[in-house]
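# Descriptive structure summary
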Amino acid sequence: MARAGGGVGGGVGPGVGGGVAARATFAVSATAGRRSGALRAARHLYVGSGLVRGTGPRDAAGLLAVVAAIAVFTIVRHAAGWLSQLHQQTDHLTQAVASPEVLGCAVLTGLLVGVVVVWRRRLVDGLLADRLQLLIVPTGDLDVSLEAVSRFASQLSRTRRRGRGWLERPAAGIRIRISSDEEGRLTYHVSAPGHARSILHAALGEYPDIELQETSPEVPDAEAAVTAKAGPGRRLPGRRGRAGVGVVRCELVLARAAHEPLGLLGLDPDPLQPLAAVVAGLQSGRGERAAVHVDVLAMTPGEARRWRTRTQRTVRRQQRRDEPTPSSPGRSGGSAGPLNLNDLFARPESASRNDVVHAARRQNVIEGLRAKAAGHGQLLAVQVLLEVRSPDRGTARSHLRALLACFDQFAAQNHWRAVGVDLPGLGFTGSDGPLRRRRFDARLATGRFSPPRRNVVGVGEIAGLLKPPTKHCHAPNVLRTAGTIAPPPAGLPTFNHEAELLPLGRVRDRHGERVVGVRLEDTFFSYMAGRSRYGKTELGLVQFIHLMRSGHGGLFLDPHADAITEIKHYLTDHGLRDRVVEINLSGPQARERQPGWNPLAMHGHPPEAAEAKVEALVDAFASALQWDERNTRALALTTQATQALIDLSIKLPAETAPTLFQIPTLLGNEDWRRAVLPHVSVPTRRFFQERFPRLPAEAITPVTNLIDRLRASTPVAGLLGSSVSTYDIRAAMDEGKIVLACPGSGGTRDRLLANFLVYDLLHAAKARADTPAQERRRFFVYLDEVQTYDGASSGNLAALLEQTAKYGVRAFLFNQNPERLTPATLNAVTTNRSHLLTTTVNAKAAALLVKEWGGTPTAQTVTQLARYTYLASVTLNHEPTTPFLVHGIPATTMHAAHRHPEQLPELEAAMDRTLQRRPVAGTIRALDTLDDRILGLLAKLPRTAGTGAPAVALSGRYKGEDRS
């Protein structure tokens, strides 16, 4: 040792030389340490790029070397004695361990530990399998404050149940998943343990303008989706050449000690804006996906208190180490202390810079402690997992780099960095490495919470990730709901195909997703508006099929035939198909066979039914041709001609009863009219004898022209040209029949026939006044394109709908725009409706509907409704509800078990028997000779006047002549 010391000291004695050498080594090391600390501190202040590097204590290599030398000398000197004592103690320990008592305790302890480990694993696996996931869909007006985010995070501390904190911790995390969907939109999901459902819903109550949709908690199988898009047999680039999809993974941790905070960004602009921009750059059509999983677990008060105490202690130790020594040159008041090599070689300006750096660093530490360790806000343990998928691995890496750039905005005294090791020349071994990949994927798929210990943040540091995209996120590719919509009412019945419930669709509330309905006792008169192909008619199908299969009777009038074609697939059951009645004038089969329907037939009806038949036909003409007070001459001619033919129908045999096609004969053939008049009522005969001859010849054209057009249609002539009716709507109502009607979607002719059907039904319903109220079967009427039957300005449809409800008719009206209804009908819809529903409509129509709801939701919300969703305000317990959102269910899903298209032939045969459908050609041949056969029978009847049915009194709008 002396020679070594003399060599180093250069001729100085061994003691002095060794001491100087040691002091010189320590001083040089200290100088280097201070310079290194200054550089690190300088780098610490540079946070603009987010690439912040760590700072550490001064380099104490010299002191450690002295301590190590003393330790080695002590060990060598006493090693022999220690080894002898250790050998003796080992013998005693072996004998003690080998005793049965110790072995038994060890075995029991091992078993107990194993049981706890296994039980905990099963408990955690069970909780992970029972997780709740919610899709948070914000409105475009969502605005969130930092206080609201803080309150949201504070409530999450209750997700761990009391007494099970350590056991359930891996499954207790709240996962926030910010990802892209199949349409390239940014979506925001929140998942939690299943037992924390109420806590999660209560916490999310801090965000008012959002819609909650419960979804599957599993991570979507993006790899399978991308593989399918690549085509069969194609190998997509993956890790180690596996067949599959290019996937890159990354886990983020805090780069520095947890007490050094991230930046406090604020919420305007929204920190999610860069993430939305990254999602917008994905090619979703190729199966590219990106997801950011932020798992958080709120610390309990005890955990937070212990963490803060530990952190403050650590910071105090670091501050003591970082303080400059009193003898440093350039320090005011510094003088005492022995001179060493560090003092000799240090430059005053360097020491001065160190003082400035140390002061700045202490200030930063104090601010960090105020923001996190010394504060009283909620602390969160956090786990951040990133995943990008693409058919091309290089593209996936590019997107991942873009995601990492989004997290640079959080950098301040601390920042996020990727987990892994950068191997120079070999690459970066991160979460994609073989040692980390499996654990990463397991946490990603199950939601297991296992963050690095240093990942502790305050709510304010990641507030931008703890809330959905707000109105300050201006990206157009964010999944948003149309607007603020009230939740469904709590008392809304769950629909499970009960006969006394009317299905509405699927709603989502805090208890999950369920199919709901409304009670039939609360259903009288309903209206639904909405754009074509947005689910309006589909809801009608779902409801009508359920009602008919539940034993009720009804009529579905579809101008396009598509709906009734689908309905028939569900009515093929034995016993059900015998109730089906079809009037279909669309398609090639309509020219082959048709039932008989004579609106003027009186066989089997009392004489007082004549008035209802006349009114039904006149109302149908007025509605189809949009007659009003200016068309009184046409109305009068139609009324008197119809009355005359009904008078004949009472007297003639059923097989020669006049039809609608005898109206042109009556008005245009004077000889035929002269033969008929002696057999009609006195008021009708006087009209044709006294007033009719004074009319110009062209006065009959508006009436006869339209009937001639009906006669030119083979299917219509086959239906209306029969003297004998096999279709009777009054009998169908009383017997619970199922009427499917398609008059065609053409022009005025088809519209007139549709009005015949509707007004025949409504006037027949009024005739049920002769039946006690308790014996009137409910009859459900579905009228699509209701404006087709609402052409009369006098408001006949509205009046009849309001009156027929007490006779057992339950009307459901559908059309695309409420503005197309007459004022009287629209007023009836908004005043007397039981249920009011709408899909998306134009802005003007939306404002009209929203006004009836008191302005909530807004018209903009209505115009932005998605397909197959609609707003519904229903009557519940005799009170109207606020509008709520309903998701439509197709009939093929709701009634899938009852759809049997293969049994349609049996249904057609049953309808042939029920309706006695006959060949159209035979009906038309009989119609061609009907005028002559009626004349022949009239010649044999006694000419006694005044024996006809009571004449119909003309209302004020039918009197007088045309003023035009």
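Starting afresh in each chain, residues are numbered from 1 along the sequence in its written order. Given that the model is predicted, a residue must reach a pLDDT of at least 70 before its local features are reported, and side-chain atom pairs must reach 80 or more before they are shown or counted; all residues, however, enter totals for whole chains, interfaces and linings. Heavy atoms from the whole structure form the basis of all side-chain values; hydrogens and water molecules are not counted.

On to the overall build of the protein, then. Regarding its fold elements, the protein presents 33 helices and 26 strands. Buried means the residue's accessible area, taken with a 1.4 Å probe over protein chains only, is under 20% of the maximum for its type, while exposed means over 50%, and partly exposed covers the values in between. Within the protein, the proportion of its 964 residues that are buried is 51%. Working rule for contacts: check all heavy atoms of both residues, and any pair within 4.5 Å makes them a contact. Sequence separation of 24 or more characterises 80% of the internal contacts of the protein that already satisfy a separation of 6 or more. Approximately 43900 Å² of the protein is accessible, and the part contributed by carbon and sulfur atoms is 55%. Numbering of helices and strands runs from the N terminus, with a helix taken as a DSSP run of H or I at least four residues long and a strand as a DSSP run of E at least two residues long. Note on areas: these come from Shrake-Rupley sampling with a 1.4 Å probe, and a residue is covered only by the protein chains present in the view.

With that settled, consider the nonpolar core. Definition used in this section: a nonpolar core is a set of buried Ala, Val, Leu, Ile, Met, Phe, Trp, Tyr and Cys residues joined via side-chain atoms within 4.5 Å. L555, Y727 and F756 are the most contacted members of the largest nonpolar core, which has 103 residues in total. Take this core: its biggest share by element is 11 residues, from helix α25 (residues 748–766). Those residues in contact with F756 that sit more than four places away from it in its chain are W597, L617, A620, F621, L660, L710 and L720.

Turning our eyes to something else, we now look at a positive patch on the surface. Like charges are joined within 9 Å and nonpolar side chains (Val, Leu, Ile, Met, Phe, Trp, Tyr) within 5 Å, but only among residues with over 30% relative accessible area and no salt bridge; these make up the patches. For this document, the term salt bridge refers to a Lys or Arg side-chain nitrogen within 4 Å of an Asp or Glu carboxyl oxygen. Working convention for charge: Lys and Arg count positive, Asp and Glu count negative, and His plus the chain ends are omitted. Lysine's charge is taken at NZ, arginine's at CZ, aspartate's at CG and glutamate's at CD. A grouping of R305, R306, R310, R313, R316, R317, R320 and R453 is seen on the molecular surface, where their side chains present a positively charged patch. Relative to the helices and strands, R453 resides in the loop between α14 (437–446) and β11 (456–458).

What follows deals with unusual backbone geometry. Here the bond from D268 into P269 is cis, since omega is 5°, no more than 30 degrees from zero. Topologically, P269 is positioned in the loop between β5 (246–254) and α9 (273–280). Of note, the bond from T856 into P857 is cis; its omega dihedral lies within 30 degrees of zero at 0°. Tracing the backbone shows P857 in the loop between α28 (843–852) and α29 (859–863). Residue A561 is not a glycine yet carries a positive backbone phi of 75°. In this model, H878 sits at a positive phi of 70°, which is unusual for a non-glycine residue. Take H878: it is sitting in the loop between β23 (875–876) and β24 (879–880).

Turning to its location among the elements, N815 is positioned in strand β20 (residues 809–815). Sequence separation of N815 and A529 is 286 residues, and the distance between their C-alpha atoms is 5.2 Å. Apart from the residues within four sequence positions on either side, N815 is in contact with Y527, M528, A529, G530, K536, E785, V786, Q787, R820 and L821. A polar contact is formed between the side chain of N815 and the side chain of Y527, at a distance of 2.4 Å. For the purposes of these results, a polar contact is taken to be a pair of N or O atoms within 3.5 Å, where, inside protein, one atom must be able to donate a hydrogen and its partner to accept one; residues adjacent in sequence count only when each atom of the pair is a side-chain atom. Here the side chain of N815 touches Q787 through a polar contact of 3.3 Å, side chain to side chain.

Moving on to the confidence of the model for the protein. For every residue, the predictor assigns a confidence score, pLDDT, that lies between 0 and 100. Considering every residue of the protein, the mean pLDDT works out to 81; 81% of them sit at 70 or more. Here residues 945–964 scores under 50 on pLDDT; set against residues more than four positions off or in separate chains, the count is 53 contacts.

Turning to the packing of aromatic side chains, a few remarks are in order. Each aromatic pair joins two rings of Phe, Tyr and Trp (for Trp, the six-membered one) with centres within 6.5 Å, and gets the label stacked for planes under 30 degrees apart, edge-to-face for over 60, and tilted for any other angle. Enumeration according to the criterion identifies 13 aromatic pairs in this entry. Pairing F621 with W627 gives two aromatic rings, centres 6.1 Å apart and planes at 10°, and the pair type is stacked. A relative accessible area of 1% places F621 in the buried class. We classify W627 as buried; its relative accessible area is 8%. Ring geometry for Y782 versus F814: centroids 6.0 Å apart, planes at 20°, classification stacked. Taken together, the positions of Y782 in strand β19 (residues 779–783) and F814 in strand β20 put the pair 32 residues apart, joining distant regions of the chain. Classification of Y782 as buried rests on a relative accessible area of 0%. By definition here, charges over rings are those cases where NZ of Lys or CZ of Arg is within 6 Å of the ring centre and within 35 degrees of the ring normal. For the cation-ring pair, R531 lies above Y534, with the distance from its terminal atom to the ring centre recorded as 5.3 Å. We note R867 situated over the ring of Y534; from NZ or CZ to the ring centre the distance is 5.8 Å.

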